[in-house]
Structures are given as C-alpha cells and as structure tokens.
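Survey of secondary and tertiary structure
The lines below spell out each chain.
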Amino acid sequence: MPAEKLFEPLTFKNGVIIKNRLYKGAMSEGMADKTHRPTMELINAYKRWADGGIGISITGNVMIDRRYLGEPGNVVIEDERDLDILKDWSEAGKQNNSHIWMQINHPGKQSPKSVSKQPVAPSAIPISGSAGSAFNPPREMTLNEIQDTINRFIKTAIVAKKAGFTGVQIHGAHGYLISQFLSSRDNIRHDEYGGSLEKRMQFLIDIYTGMRAALGEKFPISLKINSTDFDDKGFSFEDSIAVIKKMDELGMNHIEISGGDYEKPEMMGEGEVYFLDYAKKISSEVDTPIAVIGGFRKKDSMIHAITHTDVSMIGIARALVLNPQLPNQLKANTYQDMTLPRLTTGVKVLDKMFGGFIGISYYEQQIRRLGNHKSPKVHQNAWSPLFDIAKIHGPYAFTKRRR
Ligand SMILES: Cc1cc2nc3c(=O)[nH]c(=O)nc-3n(C[C@H](O)[C@H](O)[C@H](O)COP(=O)(O)O)c2cc1C
C-alpha cells in the first residue's frame, strides 16, 4: 500500500497546518532535574523525533503543581522561572517544520505515595484493586482548590505558548484528574462539578474555555480522552461520545482517542490498534480531527486507518522510541514493520510483581539513550532498565508508575 496519504498535510479550521498525519504520543520521560526543570538530555530527545520527520511531538505530561506529581522526574510549570530552557525545548521540537505540543496534566489520586502524602481528587474515593496499595487515599478537593487547579492548567498553557510551543494538549485520559471528574464512580460531588454528566464535564470545560480565552483561536488545543473505561464503571461509551461532541462544539482542534487507567492499563496493550473502531465511529460524527493512538507499528495499519476511515492522525509512542526515524522511513518506503520486545526478568513472579513498570522503565531508558545521542537498544532484559531507574530516582524508583 502506498504511504502518500500519511504525508498529506492536515489543515485545522484555524489555519494551522501539520505537515503529515503522524504524531508522537505523550510519553512521560522522567528526565527533569531535581527542581523539575527540563534537562538538555530531555531536549535532545525531541531533536531526534523532529529530525525523524514527525508531524507533531506531544511532550510527556507536564505537571501544573509541584505538590502533586504523577511521578519523580516530571517537568513542572507553575510560572515563568524556567522560560529560558523551555524555549530551547520548543526550538528542538520545531526543527524540520515539526510541531511540538505540550501535554498538561494533574494526576489527582494517581499520585504515588512516594511523591504525595495526600493526593486530591473530586471525591475521597481510593484507587481500588492491586494498584491501590501504591497510592495514599485522596482527599476531596474544595471548590477553591478546583478553581485554583483550573487556573493552574491555564497558566501552564500560557507559559507553554510564551516559550514557543506550538500547541497544548489537555490530558483528559488514563484515569488522571480530568478523567476522575468525568467518571461517575470517581466523582460523587453534589456541587456544580459533580452529579450529571454535564456537571462532571464542567471541570474540563472550564479548563478548555479558560485556555482558549487566554491563547486565542489560532493556537491549537488538543484533548486526550478515553474512549470508555471498558467496564462501564463510571464513564460509559455514551458518556465519552457526549463529551467529545461537546468539546467539538466548543472548538477543540484535535482529539486523541486512548483508553485505560492504573487499574486497567488498556492503553499499553500488546495487540494491534485497539481503539480504531471507536475512533472510526466518533470521527464520522464530529468536525474536530480525530487522532487515534495505541498499537501502531505496521505500515499497512497506519495507511489503512488514514485511507479507509475518517481518522485524521495516527499516534505512535513506543515504536518511535525504538525508531525515531520511522516517519522518514515510511516516506522513503524503507520502513520495516516492527514488533515490540517482550521484557522479562527471567523470573515469572518478579515479572508479575513489577508488571507494567518494566515496560515503562524500559522505554524511559531508551528515551534517555536518544537524549544522550545514542541509538535505542532493543533487548528483553528487564533488569537493566530497573537498575537504571533505581540509580536515577533512588527510593522513589519502585512505586507504581504512570502510563
Ligand atoms: C514510557 C511511557 C510513558 C507514557 N507517558 C504518557 C503520558 O505522559 N501521557 C499520556 O497521555 N500517555 C502516556 N503514555 C501512553 C502513550 O502516549 C500511548 O498512549 C501508549 O503507549 C500506546 O501507544 P503505542 O502503542 O504507540 O505505544 C506513555 C507510554 C509510555 C511507553
């Protein structure tokens, strides 16, 4: 199948043009320094992706509040103190006519014990299941805290624009704070931010409309959102469709479909293109360009999604860590379909105990290699990324980590 369709530019309604249909999905790098400032190593990795021909690089999630991290090593932006290095970061990502969009997030209750004594959430409902032991139970946010959090999302976006990032993405997926507000299971508030779906959506709407007012019509704003929480525990298929339609109506520029959370990490499945059916359905119903991420590694699957559905962009995360030249290779017709390595400690119980953590630490290790001008190393030994992480983050290393 010819790959030309993947290289047709995409023009948003506000006139912004993306040079092709491929973007790098957000991957938390864990590469900020102790003060949560980006490092040169982090910035260098974005140069690699821009050189590789990607249309947009979406950054790993940047936190809006240093009291509530998703994990150690997060970049935090509360004000302009790091504007100088943030400018270097955006410059690196803009090379080769690429875009770089900053993903902005608050973990809510998914802030591990090692980084938050008491996380906050829409309601004081702890994380259930085996993942729960890594997190302290959350406390319910006050209305003042909700207002402050909305303002922080907006402030971080303003700093991102000032630093030269060409767009922002609101992280509304994977069970973090915005997902928690959207879910009737996590949000049992009785005020204007809880109850009906309209009210559960209000937090997201306030963040989006505040950002739009501050950033202007021409600045792309994206939303990453879960297609559904699968078990219909609090965010149903119909709920997710209703939220996407509302955000479409309000003028969101780009909506990325994913799924899963700490309790059910569907977003990092080993299968192929798992959210495409959903993305197909929703993209035929809204104007906003719909992007889908999760499981793209085969050239034909990417071409199929762009050619035979209304999906506008293809998101790729892990494959781009192992092969940052993937877009250029697709274009030159030299790309070889890849499979991701199956990492193991060699001991079944340990593999089970470390679970998704092994995968995450492996990809973080490889992003650090990109940042240090090295080639990614495809291997299956789970020990080396685990040791690396322990060396870098010390006692923080073995707490449950994000996706
Ligand atoms: C190391 C790592 C870190 C991730 N961090 C984030 C993140 O900060 N924000 C986010 O929305 N998704 C994050 N993800 C999920 C990816 O964006 C993506 O949805 C998922 O990996 C599926 O895409 P893939 O099959 O192309 O890897 C992360 C994934 C990995 C491997």
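In this text, all values refer to a predicted model and were calculated from it rather than measured experimentally. (Residues numbered from 1 in each chain as written. Predicted model: local features only at pLDDT ≥ 70, side-chain atom pairs only at ≥ 80, totals over all residues. Heavy atoms only, no water.)

This part is about the site of the ligand. Surveying the vicinity of the ligand reveals 24 residues, the closest of which are A26, Q103, G295, A317 and R318. In the model, a nitrogen atom of the ligand is placed 2.8 Å from a nitrogen or oxygen of the S28 main chain. In the complex, 100% of the free accessible area of the ligand, which totals 610 Å², lies under the protein chains. Split into classes, the residues belonging to the shell around the ligand amount to 10 nonpolar, nine polar and five charged. (Near = heavy atom within 4 Å. Polar contact = N/O pair within 3.5 Å; in protein donor to acceptor, adjacent residues only side chain to side chain. Areas by Shrake-Rupley, 256 points an atom, 1.4 Å probe, with all protein chains shown as cover. Nonpolar A, V, L, I, M, F, W, Y, C, P; charged D, E, K, R; others polar.)

Take the packing of aromatic side chains next. Taken as a whole and assessed by the stated rule, the structure comprises nine aromatic pairs. Each ring, one from Y46 and one from W49, has its centre 5.1 Å from the other, and the planes form 75 degrees; the classification is edge-to-face. Within this pair, Y46 and its partner W49 are both found in helix 1 (residues 40-51), separated by three residues, close to a single helical turn. Comparing Y46 with W49, the two get one shared label, buried. (Phe/Tyr/Trp six-rings, centres within 6.5 Å; stacked < 30°, edge-to-face > 60°. Helix = DSSP H or I, 4+ residues; strand = E, 2+ residues; numbered from the N terminus. Buried < 20%, exposed > 50% of the residue type's maximum accessible area, 1.4 Å probe, protein only.)

Moving on: the side chain of H99. With respect to the helices, strands and loops of the structure, H99 is situated in strand 6 (residues 99-105). Side-chain polar atoms of H99 contact the side chain of W101, separated by 3.2 Å.

Looking now at helix 9 (residues 299-308). Note: α-helices contain 3.6 residues per turn, so residues at a spacing of three or four share the same orientation. Within helix 9, the full set of buried residues consists of K299, S301, M302, I303, A305 and I306. Here the buried face of helix 9 lies against strand 3 (22-24), helix 8 (276-283), strand 13 (313-316) and helix 11 (326-331). (Contact = heavy atoms within 4.5 Å.)

Moving on, we get to the pairing of strand 6. Burial analysis of strand 6 places seven of its seven residues in the buried class, the great majority of the element. Because side chains alternate across strand 6, one face comprises the buried residues H99, W101, Q103 and N105, and the other comprises I100, M102 and I104, equally buried. As paired strands, strand 5 (residues 62-63) and strand 6 are joined by two bridges and run parallel to one another. Note that in strand 6 the partner of M63 across the bridge is N105. Where strand 6 and strand 9 (residues 167-172) come together, four bridges link them in parallel fashion. Note that in strand 9 the partner of I104 across the bridge is I170. (Pairing = 2+ DSSP bridges.)

So, on to unusual backbone geometry. If a residue is not glycine, its phi is most likely negative; likewise, a peptide bond is most likely trans. The phi dihedral of N97 falls on the positive side, at around 60 degrees, and the residue is not glycine. Here N97 lies in the loop between helix 2 (83-94) and strand 6. The class of N97 is exposed, set by a relative accessible area of 59%. A positive phi angle, close to 60 degrees, is found at H373, a residue other than glycine. Of note, H373 is situated in the loop between helix 13 (356-371) and helix 14 (383-393).

A few words on the pattern of salt bridges. Any two side chains of opposite charge can pair, so long as their charged atoms come close to each other. The tally for this structure, following the rule as stated, stands at 23 salt bridges. A salt bridge links K5 to E8; the nearest nitrogen and oxygen atoms lie 3.9 Å apart. Between R152 and E78 there is a salt bridge, with its nearest N and O atoms 3.4 Å apart. With R152 in helix 3 (residues 143-162) and E78 in the loop between strand 5 and helix 2, this residue pair connects regions lying 74 residues apart in the sequence. (Salt bridge = Lys/Arg side-chain N within 4 Å of Asp/Glu carboxyl O.)

Let's shift gears to the pairing of strand 11 (residues 254-258). With five of five residues buried, strand 11 lies mostly within the body of the structure. Every second residue of strand 11 is oriented toward a common face, with H254, E256 and S258 on one face and I255 and I257 on the other, all of them buried. Bridging between strand 10 (residues 221-226) and strand 11 involves five bridges; their strand directions are parallel. The residue bridging K224 from the neighbouring strand is E256, located in strand 11. In terms of strand pairing, strand 11 meets strand 12 (residues 290-293) through three bridges, oriented parallel. Note on strand 12: the bridge partner recorded for I257 is V292.

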